[in-house]
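Here is how the chains run, residue by residue.
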Amino acid sequence: MSQKPAVRGVILYGPPAAGKDTVTSALTSLDPTYSLFSRVKVGPGRSAGYRMGTPEQLQELRASGAVVYENARYDSTYVTDRPGLDAAAAAGVPVMHLGQVDGVRVVLDSYPGRWLTVLLWCPRETTAARSARRGDVDTPARLAAWDATRADLAANSGFAFDLTIRTDEVVPEAAAAQIRRALSSELVLVDFDDTLIDRLASVTAWVARYCAGHGLGREVEQRMLEAMRIRADLDVIERLCAELGLPESASELWSRYETELVMSVKPFPGVIEALAAVREAGHQVVVVTNGGAQIQRAKLKASGIADVVDAVCISGAIGIRKPERQIFEAAAASVGRDLAQGGWMIGDNADLDVAGGREAGLRTVWISHGQSWLGGAEPDIVARTAVEAFVHVVEGAR
């Protein structure tokens, strides 16, 4: 099976009293699989929400290499430890609170997975008012920490959080729903020809019409279809013209094919509605297709697929074909994603889509069209149609 992210979690960053505890509680109420990751704390003060430790235990964590990140604040040391993260990730979706961008970077680098980074922000006066309302005895220190947070953000202006929420403007329940929706979002890469549209039927019909219109026999029709059923471009047309002595030049025939095929392509039943539903569920959909840029773009537009996806990645436009990893990387990058975050590759070709997607670290769905799997490294899911595949993606992300 393809590799899956080791952890799926949330990192909340923000100044004191920005609402990290409140938003975490709202997340847990919304979905009990979300829970606060309790850092190890060594020092005085509040113990709620922490695993209290001793200086000796801290030294043991350091000596064993179990410290992912540690920082000192309010006369205490706070530790994000690997054993604690392992347990939290196994139990559900950990929600981590961090107050330093460097700490966020370290966790992302040292404990890879599907982390959603969220900046919870509020003005300084809001921190002061909230701190006073809850009876903090160290409000000046918390305001100094607010200033340090603003300076930290300024010093790390190149770091982009996945989500920014103004907690003085958004209630905790709405913030929690926004976070849950963003983390549930999947990258969905999907093949085009014979996955979303019935290309083979269109090509078969075009070849039949062309041969009938020019009085070409059944053998010529079969040879043209054999050559064009998987891939058709100017090179293929040139070879067919030379081999079969077709009545038009290769350039004339290719121009005819492009124009007439585009007018005949249609999506499989239910595909447009299913793609729209996937995006409405919060997922990002990118078509990844081999083929010439001009004809594929025309087919995408004519079929209506272009209007219901987030992006398109065509081999002829970038010079890389499936199953090369780079085309999957380019597809993910087109919507601001990274393959390390995981996702799906859906397609009908065992080598290009399933094997290629697996090698790129994606979960895969093979569109069988009622056929049996021929062997080799198996897809994660076998679906008869793309519509059925999209149902698996949406239900699996809930």
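K.L.:
Which residues make up the overall build of the protein, and what values do they have?
P.N.:
Along the backbone of the protein there are 17 helices and 15 strands. Computed over its C-alpha atoms, the radius of gyration of the protein comes to 27 Å, more than 25% above the 21 Å expected for a compact globule of 398 residues. The principal-axis extents of the C-alpha atoms in the protein amount to approximately 95 × 40 × 35 Å. Here the protein, with 398 residues, has 48% of them falling under the buried criterion. Here the analysis covers contacts within the protein between residues at least 6 apart in sequence; of these, 67% occur between residues at least 24 apart. Only carbon and sulfur atoms are counted for the fraction: they give 51% of the accessible area of the protein, which is about 18,400 Å².

K.L.:
Which residues make up the packing of aromatic side chains, and what values do they have?
P.N.:
Per the stated rule, a full pass over the model turns up eight aromatic pairs. Here Phe159 and Phe161 contribute two aromatic rings whose centre-to-centre distance is 4.9 Å and whose plane-to-plane angle is 80°, an arrangement assigned as edge-to-face. For the residue pair Phe159 and Phe161, the accessibility class agrees, reading buried in each case. Feature note: the residues Trp206, Tyr210, Trp254 and Tyr257 constitute an aromatic cluster, connected by ring pairs.

K.L.:
Requested: an account of the sheet that holds strand S5 (residues 67-73), with residues and values cited.
P.N.:
With mixed pairing, four strands are arranged side by side in an open sheet as S4-S3-S6-S5. Sheet topology places strand S4 (51-52) and S5 at the edges, where each strand pairs with a single neighbour. Where strand S3 (residues 40-42) and strand S6 (residues 76-81) come together, three bridges link them in antiparallel fashion. Directly across from Lys41, in S6, lies its bridge partner Tyr78. Lying over the sheet, helix H3 (residues 82-91) contacts S4, S5 and S6, oriented at roughly 55° with respect to S6.

K.L.:
Would you mind going over the pairing of strand S10 (residues 187-190) in detail, with residue names and values included?
P.N.:
Alternating residues of S10 divide into Leu187 and Leu189 and Val188 and Val190, and every residue in both groups is buried. Pairing geometry for S10 and strand S13 (residues 344-347), over three bridges, is parallel. Across the sheet, residue Val190 finds its bridge partner in S13, namely Ile346.

K.L.:
Before we move on, can you summarise the confidence of the model for the protein with the specific residues and values?
P.N.:
The pLDDT averaged across the protein works out to 91; a share of 98% of its residues lies at or above 70. When the criterion is pLDDT under 50, residues 1-5 qualifies, and its contacts beyond four places in sequence or with other chains add up to 15 contacts.

Parameters at a glance
Residues numbered from 1 in each chain as written. Predicted model: local features only at pLDDT ≥ 70, side-chain atom pairs only at ≥ 80, totals over all residues. Heavy atoms only, no water. Helix = DSSP H or I, 4+ residues; strand = E, 2+ residues; numbered from the N terminus. Rg over C-alpha atoms; globule rule 2.2 N^0.38 Å. Buried < 20%, exposed > 50% of the residue type's maximum accessible area, 1.4 Å probe, protein only. Contact = heavy atoms within 4.5 Å. Areas by Shrake-Rupley, 256 points an atom, 1.4 Å probe, with all protein chains shown as cover. Phe/Tyr/Trp six-rings, centres within 6.5 Å; stacked < 30°, edge-to-face > 60°. Pairing = 2+ DSSP bridges. Axes fitted to C-alpha atoms, helices over the stretch in contact; angles between N-to-C directions. pLDDT = per-residue confidence, 0-100.

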